[in-house]
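Structural overview for review
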Amino acid sequence: AALTTQTGQLGYLGPLINAETRRLASSVYLGAEYCWENYRQEEGTLRFMVNWIGFWFNIPGFTLDPTQVANDFFDSGFDVVISGIDTTEGLVVAGQRAAAGEEVWAIPYDFRGACDEAPDICLGVPYFNWAPAYLRIVQSVIDGDFQAGFEWFGPDWADLNNPETSGIGFVNGPGLSAENAALLDQFIAGLADGSINLFVGPLNYQDGSS
C-alpha cells in the first residue's frame, strides 16, 4: 500500500476492536511506514486512518456500512483502502471507482482468492492457512498424545505460500507493479531474517510522554 499510494494516504477498514485487531492494524501501519520511509524515502508523513465498522462483516443496523466507509475514504483523498474485515467491500468499491477513471487501489483480507473480485487494482491479499495445524492436532489425537497448549503457528519464511507448512501467506495482486513487488520481496526477506523489526520502542503516547 505504501509503495503504491500517490497521495500518501492509506485507509484501513477495521472490524470490531479487540487485542487481535489492534495488533493487525498496528502491524499494517508499521509495515507501511517502514516502506514509505526506507524504500520510497519520503520525507512527508504517511497518513494512515483506521475506521472501525464494529464487526468482521456488515450487519445492517449494527455496524457501519463498509461500502460507505470505503467510499468516504476515497472521497477524502485516500487512494488505497486496506481491509481488515472478512468481506470484500473495500475491493469492490475500489474496482468500481477505478472503472470510472480514478487511480485507486485496495488490499482485501483473509481469503487467498479475493483479488479475483477486482484484479487490476488489487495489490495483494494476506491470508491464514490453518490446514497444517489442524492436521497435526488431529493426528496427535489419533496417535493418543495430544496435549492442549498455546501454539504460535506463524509463516514459513522460506516458502510463505506453501500450503503444507505456512500458517500465514501473502499473494501479490495483479495491481502491484513489478518494481514494487521486488521491494516487497526485500521487505519480507528483512522480516524473515530479523533485520527488520517493526515492534521496537519507544512507545510515545498522545500527550508526548513515553
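Keep in mind it's a predicted model, so treat the numbers as computed, not measured. (Residues numbered from 1 in each chain as written. Predicted model: local features only at pLDDT ≥ 70, side-chain atom pairs only at ≥ 80, totals over all residues. Heavy atoms only, no water.)

Section: the layout of surface pockets
Summary: where empty space remains is shown by rolling a probe the size of a single water molecule over the atoms. Considering only enclosed or pocket space, the largest pocket measures out at about 1600 Å³ in volume. It is helix α1 (residues 19–38) that contributes the most residues to the lining of the largest pocket, eight residues altogether. A breakdown of the residues in the lining of the largest pocket according to their chemical character gives 32 nonpolar, eight polar and three charged. The space that makes up the second largest pocket amounts to roughly 230 Å³. In terms of lining, the second largest pocket is formed by L30, E33, Y34, E37, L198, F199, V200, P202 and L203. Each residue belonging to the lining of the second largest pocket can be placed in one class, and the counts come to seven nonpolar, no polar and two charged. (1 Å grid on protein atoms, 1.4 Å probe; cavity = no way out; pocket = protein on both sides within 12 Å on 5 of 7 lines; lining within 4 Å. Points joined across faces, edges and corners; volume = space filled by probe spheres on them. Helix = DSSP H or I, 4+ residues; strand = E, 2+ residues; numbered from the N terminus. Nonpolar A, V, L, I, M, F, W, Y, C, P; charged D, E, K, R; others polar.)

Regarding the sheet that holds strand β4 (residues 105–107)
The strand order β2-β1-β3-β4 describes an open sheet built from four strands, whose pairing is parallel. The open sheet terminates on both sides in strands that have one partner only, identified here as β2 (47–52) and β4. Neighbour-to-neighbour, the strand axes of the sheet open up by a mean angle of 20°, direction not taken into account. Bridge count between strand β1 (residues 9–14) and strand β3 (residues 80–83): four bridges; the pairing is parallel. Among the inter-strand pairings, L13 is bridged to a residue of β3, identified as S83. Along the sheet, helix α2 (residues 66–75) makes contact with β1, β2, β3 and β4, crossing β1 at roughly 170°. (Pairing = 2+ DSSP bridges. Axes fitted to C-alpha atoms, helices over the stretch in contact; angles between N-to-C directions. Contact = heavy atoms within 4.5 Å.)

A short note on the state of the cysteines
In protein structure, a disulfide is the covalent linkage between the sulfur atoms of two cysteines. Evaluated as defined, the whole model comprises one disulfide. Disulfide pairing is shown between C115 and C122; the S-S distance is 2.0 Å. Between C115 and C122, the S-S dihedral sits near -55°, and the bridge is therefore left-handed. On the basis of relative accessible area, C115 is assigned to the buried category, the value being 8%. (Disulfide = S-S within 2.5 Å. Buried < 20%, exposed > 50% of the residue type's maximum accessible area, 1.4 Å probe, protein only.)

What to know about the nonpolar core
Of all hydrophobic cores here, the largest spans 44 residues; its most connected members are A2, L10, I82 and I121. Among the secondary structure elements, those contributing two or more residues to this core are β1, α1, α2, β3, α3 (89–99), β4 and α5 (178–193). Take this core: its biggest share by element is five residues, from α5. Excluding residues within four positions of it along the chain, I82 makes contact with A1, L10, G11, Y12, L13, V28, F48 and I107. (Core = buried A, V, L, I, M, F, W, Y, C linked by side-chain atoms within 4.5 Å.)

Some points on a nonpolar patch on the surface
On the surface, I137, V141 and F146 cluster together into a nonpolar patch covering about 260 Å² of accessible area. The class for F146 is partly exposed, based on a relative accessible area of 44%. (Patch = residues over 30% accessible without salt bridge, like charges linked within 9 Å, V, L, I, M, F, W, Y side chains within 5 Å. Areas by Shrake-Rupley, 256 points an atom, 1.4 Å probe, with all protein chains shown as cover. Salt bridge = Lys/Arg side-chain N within 4 Å of Asp/Glu carboxyl O.)

Overview of the packing of α2 against α3
Two numbers describe a pair of packed helices, the interaxial angle and the distance between the axes. Between α2 and α3, the least distance of the axes is 8 Å, while the angle of their chain directions is 50°. As the angle between them shows, α2 and α3 are arranged oblique. In this structure, α2 crosses over α3, and the sense of that crossing is right-handed. Across the interface between the two elements, P66, T67, A70, N71, F74 and D75 from α2 touch E89, G90, V93, A94 and R97 from α3. A per-class count over the contact of α2 with α3 returns five nonpolar, three polar and three charged. (Parallel < 35°, antiparallel > 145°, perpendicular 65-115°, else oblique. Left-handed = near helix turned anticlockwise from the far one by under 90°.)

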